[in-house]
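Now for the letters of each chain:
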Amino acid sequence: MTAQLTALDVTKSYNGRLVLDSVTCSVPAGGRLGIVGENGSGKSTLLRLLAGAELPDQGEIVVRADGGIGYLAQEEELPTHLTVQQVIDRPLAALRAMEQRMRHLETLMAAGYDTAAGCGVTAGDDTASGEDTVPFDESTALAEYADLLTAFELRGGYDADARVERALHGLGLPDLPRDRTAAGLSGGEQVRLRLAALLASAPEVLLLDEPTNHLDDAALTWLEDHLRARRGTTVAVSHDRVFLDRITTALLEVDADLHRVVRYGNGYQGYLAECAADRQRRAQAHADWRAEVARLRENAATTARRVAPGRAMKDGNKMAYDRAAGRVQQSLSSRVRGAQERLGRLLAAPVPAPAEPLRFTPALRDTGVRGPLVEAEEVEAAGRLAPVSLTVSAGDRLLIGGANGAGKSTLLSLLAGTTEPDRGRLVRRGRTGLLAQQPHVGPPGRTVLGAYAHGRAGTAEEHAEHLLSLGLFTRERLDVPVGALSAGQRQRLALARLISEPADLLLLDEPTNHLSLALVEELEAALAGFPGAVVVVSHDRLLRDRWRGRRIELRAPTAAFTPR
């Protein structure tokens, strides 16, 4: 299958920080490819390189897309003076120019201009008269017109305005006034408007960076159906597992530690299956290594214990008898050395076992906790959280929802005891573990190992072995300063501290943010197996769909609150 986008040995760094290292990958024509990885791994960087928005430090990006490339950046501030109509027209500019040129050629051909009449077309201009003209050639004009018409029809030029209306309606902006300026739009409205305009332009290759942000369920469903039905190639950076499962035919995972890219076929389900198979392969390789080490040790020990055959010296020739025994001993000694050398090579390059699946540590049963772990009555925070009452007991599962600004993170910090309410009654019992949405893992100069061990008893070697056993960091990363970590790596570090401390109650604020998708799946399984109580704030659609506990929706606080 022909590749439309290809990265060849691409390397990219920012301010001395390596992001992508000798990456080679390709996007086939007509494919729907997802780019995944934890936050800060380089997903958006790879997409910008493919879009031509940035250039690699080394390597090459090869593009084959006569029908154009459309790129939706994750973060783009629209100029405040632009109107809605102008924003819509920006990605349609190529189609508008093609249509204008076609109309002009139609006018020229209809007027019957010819070389004999001395009429011409202005060089480099779309006017039909003027100075610096070139002769009009009807056959050349017809050929150009045919090419333009073919490209225009392939891009769906005649349907562009209708596509604009469908996209605006599908993304929840059906009645947006065309003369409103970007200054009067919310951040979410700006993102949806940019996306609608880009989809309406129908480029051959569509590059989308987190296109599901700011979309409600209806808009998400419309977008997924649209992308599945569209012709052309689609590449999307996304953390939305439902979106990836519905639209992708393959995934590229960017590894934040190695700065490389791994390709997985068969969409999100193929990605999960390959991750599981890889764990099995690594487990089998470790088991084979251990078995070979044990065999060589046993062979070396057994051979060393063996002695020359104890045949009787029948002919009284002691010299010949001793020579034969020496040859046997020499042969055995050589075999011992060979086994020991092979054993040494194996021990020098051990095959590590895959990390055990994540498990949260429950608190001891005899801590004396009686009654609910949390009792909140009309708990309120000034301007951040409207009055809320809830009870959480051992084994409970509670999912907290609500619009942005409703106070979900504030409620978790109150339940954790990191802040206190302005009003209401709040009782906490037992040990609580909190995973904040933006975790603080220590000062920038502290190492990964130092941040993990901070405030805990034990030696550095003990902490290192325990952290490595979780499979969240390699030994090479233990001495990296916290300030050099990506958002996903900081989240892994906070998660490592959380799962290694006993808790009766886990409070998790958007726990699937920043992490790789394989780790997200593992995290959900760990939560399901935790015997204590769990309270989660999450916008993750798949997590919410799978939830089997209670749910509450917070309402936005009123501005009339006056703290006492």
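Worth saying up front: this structure is predicted, and the values here are computed from it rather than measured.

Next up on the list: the overall build of the chain. Within the chain one finds 16 helices and 19 strands. Of the roughly 28,400 Å² of accessible surface on the chain, 51% is carried by carbon and sulfur atoms.

With that settled, the discussion passes to the sheet that holds strand β1 (residues 3-14). Sheet strands line up and pair through hydrogen bonds in the backbone, either parallel or antiparallel. Spatial ordering of the open sheet is given by β2-β1-β4, a layout of 3 strands whose pairing is antiparallel. Each edge of the open sheet is held by one strand with a lone partner, namely β2 (17-28) and β4 (58-63). Here the average twist between neighbouring strands, direction ignored, is 15 degrees. As paired strands, β1 and β4 are joined by 5 bridges and run antiparallel to one another. By the bridge assignment for β4, L5 is matched with V63. With respect to the sheet, helix α1 (residues 43-51) is in contact with β1, β2 and β4, its orientation differing from that of β1 by roughly 125 degrees.

Relative to the elements of secondary structure, Q280 occurs in helix α9 (residues 267-305). Sequence separation between Q280 and P354 is 74 residues, and the spatial gap between their C-alpha atoms is 8.4 Å.

Another aspect to go through is the sheet that holds strand β10 (residues 250-254). Pairing is mixed across the open sheet formed by 6 strands, whose spatial order is β5-β8-β9-β3-β10-β11. Single-partner strands in this sheet number two, and they are β5 (69-72) and β11 (261-265). In this sheet, neighbouring strand axes are inclined to one another by 15 degrees on average, regardless of whether the strands run parallel or antiparallel. Two strands pair when backbone bridges link them, and β10 and β11 are joined in this way by 5 bridges, in the antiparallel orientation. Within β11, the position partnered with L251 by the bridge is Y264.

All chains considered together, the criterion is met by 4 aromatic pairs. The interplanar angle of 85 degrees and the centroid separation of 5.0 Å between the aromatic rings of Y264 and Y271 together place this pair among those described as edge-to-face. Taken as a pair, Y264 and Y271 share a single burial class, namely buried. Among the aromatic residues, those joined into a ring-pair cluster are Y264, Y268 and Y271. Positioned above the aromatic ring of Y452 is the side chain of R456, whose terminal nitrogen or guanidinium carbon lies 4.9 Å from the ring centre.

With that settled, consider helix α6 (residues 187-201). Spanning 15 residues, α6 covers 22 Å between terminal C-alpha atoms, matching the ideal 21 Å at 1.5 Å per step. With 14 of 15 residues buried, α6 is to be regarded as a mostly interior element.

Among the 5 residues of strand β17 (residues 505-509), 5 are classified as buried, and the element is accordingly described as predominantly covered. In the sheet, β17 pairs with strand β18 (residues 533-537) via 5 bridges, with the strands oriented parallel. Each bridged residue has a counterpart across the sheet, and for L508 the counterpart in β18 is V536. Handedness of the crossover is the feature at issue here: the chain leaves β17, passes through helix α15 (residues 517-529), returns alongside β18, and the resulting connection is right-handed.

It is worth spelling out unusual backbone geometry at this point. One non-glycine residue, D9, lies in positive phi territory at about 50 degrees. With a relative accessible area of 45%, D9 lands in the partly exposed category. In this structure, E378 is a non-glycine residue whose phi angle is positive, near 50 degrees. Residue placement: E378 occurs in strand β12 (residues 374-381). Judged by its relative accessible area of 47%, E378 is partly exposed.

Core analysis: the biggest nonpolar cluster contains 48 residues, and L193, L195, L208 and L227 have the highest contact counts within it. Apart from residues lying up to four places away in sequence, L193 is in contact with V84, V87, I88, L168, L173, L176 and L185. Among the nonpolar cores identified, the runner-up in size contains 39 residues, and Y452, L478, V480 and F530 belong to it.

Quick look at the confidence of the model for the chain now. Averaged over all residues, the pLDDT of the chain is 87; the fraction at 70 or higher stands at 88%. Segment residues 114-132: pLDDT under 50, and 35 contacts once partners within four positions in sequence are set aside and those in other chains are kept. In this model residues 560-564 is a low-confidence stretch, pLDDT under 50, and it forms 11 contacts with partners more than four residues away in sequence or in other chains.

Cut-off values and rules
- Residues numbered from 1 in each chain as written.
- Predicted model: local features only at pLDDT ≥ 70, side-chain atom pairs only at ≥ 80, totals over all residues.
- Heavy atoms only, no water.
- Helix = DSSP H or I, 4+ residues; strand = E, 2+ residues; numbered from the N terminus.
- Areas by Shrake-Rupley, 256 points an atom, 1.4 Å probe, with all protein chains shown as cover.
- Pairing = 2+ DSSP bridges.
- Axes fitted to C-alpha atoms, helices over the stretch in contact; angles between N-to-C directions.
- Contact = heavy atoms within 4.5 Å.
- Phe/Tyr/Trp six-rings, centres within 6.5 Å; stacked < 30°, edge-to-face > 60°.
- Buried < 20%, exposed > 50% of the residue type's maximum accessible area, 1.4 Å probe, protein only.
- Lys NZ or Arg CZ within 6 Å of the ring centre and 35° of its normal.
- Expected span 1.5 Å × (residues − 1).
- Right-handed = clockwise from strand over helix to strand, strands pointing away.
- Core = buried A, V, L, I, M, F, W, Y, C linked by side-chain atoms within 4.5 Å.
- pLDDT = per-residue confidence, 0-100.

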